[in-house]
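Each chain, written out:
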Amino acid sequence: MNAMHQYLFDAYRAARLGEPAPPAPGTGELALLKAVRERRRLARVAEARREGRSPRRSVLDAFRRGSRPAR
């Protein structure tokens, strides 16, 4: 049984019991990916500050080297 089958069973059960339907599979994935990306950005800034570098300077140096920051 995959996630879609489970969702259909849960939606049917909820309709029979008069409860609200569960969220469809995958509805929160985009928000999760955005949160992970933002957390990694903040970690890079904090690491740069611990090393005594300016976060802006780190980005400029990476841009000048032609490399992308680690993700």
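The structure presented is a predicted model; accordingly, all values stated were derived computationally and were not measured.

Details of the overall build of the chain
Argument step 1. The helix and strand tally for the chain stands at three helices and zero strands.
Argument step 2. Reading the secondary structure of the chain in the N-to-C direction produces α-α-α.
Argument step 3. Looking at the 71 residues of the chain, the share that counts as buried comes to 7%.
Argument step 4. Only carbon and sulfur atoms are counted for the fraction: they give 57% of the accessible area of the chain, which is about 6,500 Å².

Description of the pattern of salt bridges
When charged atoms on two side chains of opposite charge get close, those side chains can pair.
Argument step 1. This structure, assessed with the given rule, holds two salt bridges.
Argument step 2. The residue glutamate 19 makes a salt bridge to arginine 13 at a minimum N-O spacing of 3.4 Å.

Focus on helix α2 (residues 29-50)
Argument step 1. The terminal C-alpha atoms of α2, which comprises 22 residues, lie 32 Å apart, in line with the 32 Å expected from a rise of 1.5 Å per residue.
Argument step 2. Once α2 finishes, glycine 52 follows within two positions and takes phi at roughly 85°, a positive value.

Some words on the confidence of the model for the chain
Argument step 1. Residues with a pLDDT of 70 or more make up 89% of the chain, whose mean pLDDT is 82.
Argument step 2. Of all helices and strands in the chain, the one with the weakest mean pLDDT is helix α3 (residues 55-65) (72), whereas helix α1 (residues 3-17) scores best (93).

Focus: α1
Argument step 1. Helix length check: α1, at 15 residues, gives a terminal C-alpha distance of 21 Å against a target of 21 Å (1.5 Å per residue), a fit within 8%.
Argument step 2. At the N-terminal boundary of α1, the capping side chain belongs to asparagine 2, with an oxygen 3.1 Å from the backbone nitrogen of methionine 4.
Argument step 3. Once α1 ends, the next one or two residues include glycine 18, with phi positive near 75°.

Conventions used here
- Residues numbered from 1 in each chain as written.
- Predicted model: local features only at pLDDT ≥ 70, side-chain atom pairs only at ≥ 80, totals over all residues.
- Heavy atoms only, no water.
- Helix = DSSP H or I, 4+ residues; strand = E, 2+ residues; numbered from the N terminus.
- Buried < 20%, exposed > 50% of the residue type's maximum accessible area, 1.4 Å probe, protein only.
- Areas by Shrake-Rupley, 256 points an atom, 1.4 Å probe, with all protein chains shown as cover.
- Salt bridge = Lys/Arg side-chain N within 4 Å of Asp/Glu carboxyl O.
- Expected span 1.5 Å × (residues − 1).
- pLDDT = per-residue confidence, 0-100.
- Polar contact = N/O pair within 3.5 Å; in protein donor to acceptor, adjacent residues only side chain to side chain.

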